[in-house]
Every structure is written in C-alpha cells, then in structure tokens.
Amino acid sequence: MRRLAALLALLVLPMMTAAQAPDPTPPRDPQALAERYLFASPGGTAELTELPAPLELGETTAELWVSRRGDALPTRITARLVQGGRVASYLPGVLIWAEDGVEIAPDEARAALQGMAGVFGQLVLRGNVQASSLGAADFVDPTDVLRVPDVDGDGFVHVLYSRGLSEDRTASQSPLDLLPAALAPGAFGNARELITLDTGPYAGIPASDPLYVNAAAGAFARMLLDENFPAQQPWLRNLLGLDLLDRISGATLAQESVDAYFNAPGTALQAMPGLVDGTAVSGGQSLFLRYLRQRFGEAIVYALFNASAGGLDALDEALAALGIVDPVTGGTPTAREVFADFAEANAVNGLFGDGRFTYTGTPPATGQTAEVTALEADVSYKADVAPFGAAYAAYP
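Residues numbered from 1 in each chain as written. Predicted model: local features only at pLDDT ≥ 70, side-chain atom pairs only at ≥ 80, totals over all residues. Heavy atoms only, no water.

A. Representation of the overall build of the protein within the structure. Each helix and strand in the protein was counted, giving 10 helices and 8 strands. Expressed as a percentage of contacts within the protein between residues at least 6 apart in sequence, the contacts between residues at least 24 apart total 63%. (Helix = DSSP H or I, 4+ residues; strand = E, 2+ residues; numbered from the N terminus. Contact = heavy atoms within 4.5 Å.)

What follows is the structure, encoded as structure tokens:
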C-alpha cells in the first residue's frame, strides 16, 4: 500500500530552553508502522487470530459444489478445513479448504493463509482504491473498508483447493455462491464467498506458492469491485483489479506481459484472461492503463472505478467526468480515438508530436513495438481482428 494512514497527536509540553528542545521530528519505527497498518508480525508475516468454534482444523468438513471440466452439471465434493484466521476484527477472515484427494501440508496451508489474509486485508481498504485521486496531504483511515459480500454471515472468504475445474483460469468465483441457497438456480450455489483454485495444471507446486496466492487475490479483488462498483464491465473489473493488486504489492508491469501482448496485438482489450491467453490479455489491459495514466494522469484510474457505462463507453464517461481536452482537437477525446492512439503508440513507440505515441516508462523500452507482418510489394493484406484489437503490416 503506497499510502499509510498517520495519526497526529498534539502533545502539551512544558516550556523548554533551546538547549533542551528535542528534535521536532519524532523517530519512526518501520516495523511498528508495518505491524499497525500492513498487518505484519515481528516475523514479517500477517498476524492471525484463532478460529472461532466450532471450526476445527483437519476435522471440519463441508459439502461444496464445483464445476468439473466436461460435466454438464456441477459436482458435489467433500472438502476439509486445513487453515483459517483473520488479521484484524474489522477485516475479512480466510478459511482454506482442500478437496478430498488434494493434499496440502500444514506449513504450506499456514503460509498460504498468511499470504492471502494479508493481501485481502489490504485490498478492502478504501484508501487503496482512492489512492489515485488522493493528494500527498490526504490521510487514509485503515478502518475505512470496502463492503465485502457475506451471504453466510460468517465474516470469512472461503478458498477451496480443487482440481479439474471447467473454467480456463487458475482461480474462479461463481456469482451463484453469493446467493442464499434457496435462491440459487438448481440449488447449485454454495451460499458462501468461495474462491476455487484449480491445482490440476500445477502438479508439485506448493499451496503457498505466489501462483495460488496471487490468483486468489485477483479473484477477491474482482469480487470486491463487483460488490462496490456493480455497474463495472467484467473486462474493466479485471483491468482495475490487476492495477489494484500491483499498487498494493509494489509490482510493475512485467516485460513478459508486454512481450505476450506485443506478440499477439490482435488480443481484444475487452477479453477475459484464460490459462492459454491470460498473459497476453492481462498484459494488454495493463499496458492500456499505463498509457491512460501517462497521458491523462492518475485521476483517470479512480474515474474508471466510478464509470458505469458498458464496453469502452466507460472510458468515454471517465474522460468526460475529468473534463479532459485533447490539445490537438480542442475537444474531449473519445475512447475510440484514445484506443487508436494507443494502437499507434504500440506500432511506433517513438517520441514526436505531443508525445502520445511513445511510452515514458519501461517496459516497453523505447523502440520496442508490436509484431508486424512483413509484406511483399504489390501483395494485398487482410487480417481478422477482434474488436479493440490491432494488426500491423508493413511493406518493404
């Protein structure tokens, strides 16, 4: 989290001579700050509370619905509680379940819980969503949290390690699970805030691996955005969820993600990431948001959080809300014009004009561009391009 809330205490001190006056800047203990605002323990991990009765690790079981690949209807499975806790009373707790047949060592379950509970606790802080619109003098209340869905009233987010799931992604979350059991179509809902992780493609990878922790955090971020910004489109929720996670973790856009998108520039901006094309989809969305930030400033991000229009019209709404003016046309740029400039920047990535066709940060490095199809002279060219994707071709 880039901004930490600060508490200022006014101390009434007796008059002191200049020689006695202390340093006006009190020392700050980084570990104490981390423990208070980042939920860190002296050992460097999230401090967790004990589970409430009657939950018991290794003994409590649950019957849950999962969607298997190739099955027409959901399958009922048995899962065992392997870990659980929360980092603060006002933050969501995490319960980790393992489907029968999925083995998780106790130390792996504990490490996974610490990672997920710590990240979930930061994701719910409203200040992290608003960070793009706050100034340096603004304070963030660490108890001011986003609304977390809680259909079962237990205050926990449930994370299930399963296998063979139907969705083409590591972490999935069904909207049916957020309905009371009596209202779920076919009675297939789990009536709890459930994130299901597919361990099938990752044999041998421990449950505490960042692969699972990050996937669960991404699903939780989308769950939060859906609850607090219900009008958001799925692609925009994914884009903003990725950005929220990156800002909290301090991560930057990876070169691998840029390369994947530049090698497949026809990837639709509004696509949802899967196991096969996930890096290209997320890379393209993250690069597009970087372009928006660079061109219009941080405020564009929070404006997108509050945009409710469908498709790319959400960007039109955000641009209009901020009163953005294009210095070339003198009017408010449309989302389609901005995407066209983004697509051209990916083909040129060089500094000229007002700088809208280059990137000021890396990656991509200056001069790195999207894949271009080389054409022979007098040869026609035709390409199938997804909506808000791009294709590039060049004659010698």
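The rest of the description comes next.
B. Region of interest: helix α2 (residues 106–123). With 18 residues, α2 should reach 26 Å at 1.5 Å per residue; the first-to-last C-alpha distance of 26 Å fits that figure. Along α2, the residues classified as buried are Ala109, Ala112, Leu113, Gln114, Met116, Ala117, Gly118, Phe120, Gly121, Gln122 and Leu123. (Expected span 1.5 Å × (residues − 1). Buried < 20%, exposed > 50% of the residue type's maximum accessible area, 1.4 Å probe, protein only.)

C. Focus on the pairing of strand β2 (residues 75–85). Bridge analysis of strand β1 (residues 61–66) against β2 gives 6 bridges, and the strand direction is antiparallel. By the bridge assignment, threonine 61 is partnered in β2 with arginine 80. Sheet topology places β2 next to strand β3 (residues 93–99); 6 bridges connect them, and they run antiparallel. By the bridge assignment for β3, arginine 80 is matched with alanine 98. (Pairing = 2+ DSSP bridges.)

D. Expanded view of the sheet that holds β2. Reading across the sheet, the 6 strands line up as β1-β2-β3-β4-β6-β5 and stay open at both edges, with mixed pairing between neighbours. The open sheet is flanked by β1 and β5 (171–172), the only strands paired with a single partner. Against the sheet, α2 touches β2, β3, β4 (156–162) and β6 (194–198), its axis set at about 140 degrees to β3. Seen against the sheet, helix α4 (residues 210–228) touches β4, β5 and β6 and runs at an angle of roughly 145 degrees to β6. (Axes fitted to C-alpha atoms, helices over the stretch in contact; angles between N-to-C directions.)

E. Region of interest: empty space enclosed by the protein. Within this structure, the stated rule accounts for 2 cavities of 30 Å³ or more. Computed from the structure, the second largest cavity encloses a volume of approximately 30 Å³. Together, Trp235, Leu236, Leu239, Phe288, Leu292, Leu304, Leu312 and Leu315 line the second largest cavity. Mapped onto the lining of the second largest cavity, the elements with two or more residues apiece are α5 (234–249) and α7 (278–296). Considering each element in turn, the lining of the second largest cavity owes the most residues, 3 residues, to α5. Its residues assigned to classes, the lining of the second largest cavity comprises 8 nonpolar, no polar and no charged. (1 Å grid on protein atoms, 1.4 Å probe; cavity = no way out; pocket = protein on both sides within 12 Å on 5 of 7 lines; lining within 4 Å. Points joined across faces, edges and corners; volume = space filled by probe spheres on them. Nonpolar A, V, L, I, M, F, W, Y, C, P; charged D, E, K, R; others polar.)

F. Inspection of the nonpolar core at higher detail. By size, the foremost hydrophobic cluster in this structure holds 81 residues, and its most contacted members are Met116, Phe120, Leu123, Tyr161, Ile195 and Leu197. The element that contributes the greatest number of residues to this core is α4, accounting for 11 residues. Look past the residues within four positions of leucine 197 in its chain and what remains in contact with it is Met116, Val159, Leu160, Tyr161, Ser162, Arg163, Leu165, Thr170, Ala171, Tyr212, Ala215 and Ala216. Counting residues in each nonpolar core, the second largest holds 13 residues, with Leu81, Trp97, Phe156 and Leu160 among its members. (Core = buried A, V, L, I, M, F, W, Y, C linked by side-chain atoms within 4.5 Å.)

G. A look at the pattern of salt bridges. Under the criterion given, the structure shown has 17 salt bridges. Here aspartate 316 ties to arginine 336 by a salt bridge, and the two come within 3.7 Å at their closest N and O atoms. With aspartate 316 in helix α9 (residues 313–322) and arginine 336 in helix α10 (residues 335–348), this pair connects stretches of sequence that are 20 residues apart. Residue aspartate 326 pairs with arginine 356 through a salt bridge whose shortest N-O separation is 2.8 Å. (Salt bridge = Lys/Arg side-chain N within 4 Å of Asp/Glu carboxyl O.)

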